[in-house]
Amino acid sequence: MDQARQLLRGARKVCVLTGAGISAESGLATFRDSGGLWEKHRVEDVATMEGFERDPELVWRFYNARRKAARTAEPNPAHLALAGLGAGRKVTVLTQNVDGLHQKAGSDDVVELHGNIWRVRCSQCAAVYADRPVELPFPPRCERCPGMLRPDVVWFGELLDPRTLALAEEAAVSCDLFLVVGTSAQVQPAASFAFRAYDRGIPVVEVNKEPTPVSNLVAVSLIGLAGTILPALVENRGN
Ligand code: BV8
Ligand code: ZN
């Protein structure tokens, strides 16, 4: 922890890659932990375009349940610690999460790599709505065309927005400390940003309750709960 604090003290620009693990202590299910979302649902059924075309009602049951859970979820001390990290330095959060909790915690530079569960998009004319009820009645219709609304998230096999990728790439290679928090680092291209920083000789610090594929390239691996570790990492920032 002291080495991590040392690295943080000297860092003017911090880039943080976060995954579902940072929202676990806010009560939101992760994907690949035991009891996670992928244990209850097949990825190809609920997180691909093909699945949506095959059975849109199943996909909307999955996303309505996640919108319902996310509505009452509050940022936890891990989100708040990252939001407090910014005083006197530039902090960019690259999040794979779609729950909006980083913004709710006060982080002001958040790159949503996989979209946002609170936005819905017409699958036909691409109109985007952010004011729909938390649980959308099925079938959720577009107001401008006969198209059906889908969650405005990036599904497997779908490309990430090129501007989002450029922002993430720029943040990853121009920071002087790269934090990886609560991600199993299995999904690409999100996980690759940690490797981009590493390839530039930027120190990488990982916070996870267990080792991941990133662990063997990090300068410091802090094993434990993000809600405990991040506040401890941030608290001594002053001296
Ligand atoms: C793309 C949707 C170009 C939103 C998500 C073969 C065929 C087709 C594609 C591929 C292929 N092989 C590879 C690919 C690319 C694919 C991919 O990476 N697949 C992997 C899984 C093999 N990627 C894509 O398809 C991407 N697009 O590449 O397009 C292309 C096109 C066609 C063909 C090839 C390439 C799109 C990826 C985006 C997919 N959408 N979500 C939503 O519904 O949420 S990804 C999904 O996984 C979530 O977004 C999630 O964020 C993400 C990563 O999961 P994690 O966040 O890491 O969560 P996880 O549960 O896995 O881990 C939690 C971690 O937290 C654990 O390590 C745990 O220990 C830790 N933890 C838990 N609690 C705590 C904690 N740590 C600390 N404290 C705690 N309290
Ligand atoms: Zn439409």
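One can find the structure itself at the top, above this paragraph.
This one's a predicted model, so the numbers in the text were calculated from it and none came from an experiment. (Residues numbered from 1 in each chain as written. Chains lettered and ligands numbered in written order. Predicted model: local features only at pLDDT ≥ 70, side-chain atom pairs only at ≥ 80, totals over all residues. Heavy atoms only, no water.)

How do you make sense of the site of ligand 1 when you look at a structure like this?
Around ligand 1, the surrounding shell holds 33 residues, and the nearest of these are Arg 32, Arg 66, Gly 157, Thr 183 and Ser 184. Glu 158 has a polar backbone atom sitting 2.7 Å from a nitrogen atom of ligand 1. Here Asn 208 contributes a side-chain N or O atom positioned 2.7 Å from an oxygen atom of ligand 1. Protein contacts shield 77% of the accessible area of ligand 1, which totals 1400 Å² for the unbound molecule. By residue class, the composition of the shell around ligand 1 is 13 nonpolar, 13 polar and seven charged. Inspection of the shell around ligand 1 shows a minimum of three residues originating in each of domain 1 (1-28 + 74-114 + 160-239) and domain 2 (29-72 + 115-153). (Near = heavy atom within 4 Å. Polar contact = N/O pair within 3.5 Å; in protein donor to acceptor, adjacent residues only side chain to side chain. Areas by Shrake-Rupley, 256 points an atom, 1.4 Å probe, with all protein chains shown as cover. Nonpolar A, V, L, I, M, F, W, Y, C, P; charged D, E, K, R; others polar. Domains from an automatic or database assignment.)

What is the right way to read the coordination of the zinc ion (ligand 2) from this model?
Under ideal tetrahedral coordination, the four donors around a metal are separated by 109.5 degrees; under ideal octahedral coordination, the six donors are separated by 90 or 180 degrees. Taken together, Cys 122 (SG), Cys 125 (SG), Cys 142 (SG) and Cys 145 (SG) make up the protein donors of the zinc ion (ligand 2), found 2.3 Å from the metal. For the zinc ion (ligand 2), the four donor atoms are set out with angles of 97 to 117° between them, so the coordination reads as tetrahedral. Its relative accessible area of 18% is what places Cys 145 among the buried residues. (Donors = N, O, S within 2.8 Å, 3.2 Å for Na, K, Ca; no water. Tetrahedral: all angles 85-135°; square planar, octahedral: opposite > 155°, others 65-115°. Buried < 20%, exposed > 50% of the residue type's maximum accessible area, 1.4 Å probe, protein only.)

Sorry, what's going on with the environment of Met 1 here?
Looking at the element boundaries, Met 1 is found in the segment before helix H1 (2-9). For Met 1, a relative accessible area of 32% gives the class partly exposed. The spacing of Met 1 and Leu 233 is 232 residues in sequence and 6.9 Å in space, taken between C-alpha atoms. With residues up to four places along the chain from it excluded, the contact list for Met 1 reads Leu 222, Ile 229, Ala 232 and Leu 233. (Helix = DSSP H or I, 4+ residues; strand = E, 2+ residues; numbered from the N terminus. Contact = heavy atoms within 4.5 Å.)

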